[in-house]
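Coordinates in review
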There are 2 protein chains.
Amino acid sequence: MRVLGVDPGLTRCGVGVVEGVAGRPLTMVGVGVVRTPADAELGHRLVAIEQGIEQWLDEHRPEFVAVERVFSQHNVRTVMGTAQASAVAILCATRRGIPVALHTPSEVKAAVTGSGRADKAQVGAMVTRLLRLSAPPRPADAADALALAICHIWRAPAQNRLQQAVALHTANAPKGRTA
Amino acid sequence: MRVLGVDPGLTRCGVGVVEGVAGRPLTMVGVGVVRTPADAELGHRLVAIEQGIEQWLDEHRPEFVAVERVFSQHNVRTVMGTAQASAVAILCATRRGIPVALHTPSEVKAAVTGSGRADKAQVGAMVTRLLRLSAPPRPADAADALALAICHIWRAPAQNRLQQAVALHTANAPKGRTA
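Residues numbered from 1 in each chain as written. Chains lettered and ligands numbered in written order. Predicted model: local features only at pLDDT ≥ 70, side-chain atom pairs only at ≥ 80, totals over all residues. Heavy atoms only, no water.

1. With respect to the UniProt feature "binding site: Mg(2+) 2" (unreviewed entry) in chain A
All names here are of chain A. Within the UniProt annotation, "binding site: Mg(2+) 2" (unreviewed entry) is assigned to E68. Take E68: it is sitting in strand β4 (residues 64-68). Not counting residues up to four positions away in its chain, the partners in contact with E68 are V6, D7, P8, H103, P105 and L148. (UniProt positions renumbered as here; feature names shortened; annotations may be inferred. Helix = DSSP H or I, 4+ residues; strand = E, 2+ residues; numbered from the N terminus. Contact = heavy atoms within 4.5 Å.)

2. Some details on the UniProt feature "active site" (unreviewed entry) in chain A
Residues and elements named next belong to chain A. UniProt feature "active site" (unreviewed entry): in the numbering of this structure it lies at D7, E68 and D141. Taken along the chain, the residues just named run across 135 residues; in space they keep tight, none of their C-alpha pairs more than 11.0 Å apart. On the secondary structure map, D7 appears in strand β1 (residues 2-7). With a relative accessible area of 7%, D7 lands in the buried category. Apart from the residues within four sequence positions on either side, D7 is in contact with R12, C13, G14, E68, D141, D144, A145 and L148. Residue classification places E68 among the partly exposed positions, given a relative accessible area of 22%. (Buried < 20%, exposed > 50% of the residue type's maximum accessible area, 1.4 Å probe, protein only.)

3. Remarks on the pattern of salt bridges
This model, assessed by the stated rule, comprises 20 salt bridges over all chains. One salt bridge connects A:E19 with A:R2, and the closest N-O pair in it is separated by 2.7 Å. Placement of the pair is A:E19 in strand β2 (residues 12-19) and A:R2 in strand β1, with a sequence separation of 17 residues. Looking at A:E19, the relative accessible area reads 32%, which means it is partly exposed. Note that B:R155 and B:E107 form a salt bridge whose closest N and O atoms lie 3.6 Å from each other. With a gap of 48 residues between them, B:R155 in the loop between α5 (140-154) and α6 (157-170) and B:E107 in helix α3 (residues 105-113) connect regions that are remote in the sequence. Accessibility expressed as a relative area gives 36% for B:R155, which makes it partly exposed. One continuous salt-bridge network, built from bridges that share partners, spans A:E50, A:E54, A:D58, A:R61, A:R95, A:R96, B:E50, B:E54, B:D58, B:R61, B:R95 and B:R96. (Salt bridge = Lys/Arg side-chain N within 4 Å of Asp/Glu carboxyl O.)

4. Things to note about the nonpolar core
Ranked by size, the top nonpolar core spans 51 residues in total, and within it A:V6, A:I53, A:V65, B:V6 and B:V65 carry the most contacts. Excluding anything up to four places from it in sequence, A:I53 contacts A:V6, A:C13, A:V15, A:A89 and A:C92. (Core = buried A, V, L, I, M, F, W, Y, C linked by side-chain atoms within 4.5 Å.)

5. Regarding the pairing of strand β1 (residues 2-7) of chain B
Residue and element names in this part refer to chain B. Buried residues dominate β1, accounting for 6 of its 6 residues. Alternating residues of β1 divide into R2, L4 and V6 and V3, G5 and D7, and every residue in both groups is buried. One ladder, built from 6 bridges, connects β1 with strand β2 (residues 12-19); its direction is antiparallel. Residue pairing in the sheet places V3 in a bridge with V18 of β2. Linking two consecutive strands that pair antiparallel, namely β1 and β2, is a turn of 4 residues. (Pairing = 2+ DSSP bridges.)

Here you go:
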């Protein structure tokens, strides 16, 4: 199973591709960050994120995309941007018929560290260990994207297969009506 | 000047096209609502909104798109969806090089009724009068979209021309960097 994890953000959108199955060692296929300039207009930033995500989808052909579920508990302005960046990532994947899963930050932390309240350093350390990297990926958004992908591979494999089957059947359904 | 107003929402995305210039009677070119089923997956809803907005842009070729600026002051779940729907509308316009303006709800209300705290009925009544319609557009999201377009035509015409010139020059700029 090949999963693209996306840690959405307007300024830094973390992206990471992980391959593997639950219960076996995982492999990092790629990691990076889609950046947009903070002083650019919102529309141009969203177009740049779309182009960046499309490149990652073209290059790595993931079977699933895992995106962080956005909550409105932080800074209002940041959250709006995060929601908008996540919309672009979800849109790009769905247009291609790739199933999208949303995971909360605490689900991701719990999956890779065992604690839903782990800090960034702990998540980075576990991502490094689980993917057998020589150093934690930088910036933290990139590590978080890999953690999202790992979380997705480890959570409910049966549910993933079902979701993939449904997505394949409804990829070309009109007007967004789905099963 | 032809403006597409968009009142963003996942369930009902109001759209309205108004033509005219400040100081002269305005004309409604079209009005409607892009709807997506509440029980569909988020990705499919965003794709349906993209298709709907694209149809409106194809059919009416607006020179500007005016989108309601989203605030996080209401229900958290609704605001996330509104931010995501607005991202899709902004993305569609910017990809075509159409300048996008964001107006707050109070700016729009003040523009069409004279009060930033006007209620829905008052906005609907003024939209009906200003566009010489026989009845207020339904649902309220459609009327709000027309009000956004009117607000845009009336606010800072000089600024609009500048923004349009900049957008034309940067429409094909790489990586979303803008002037």
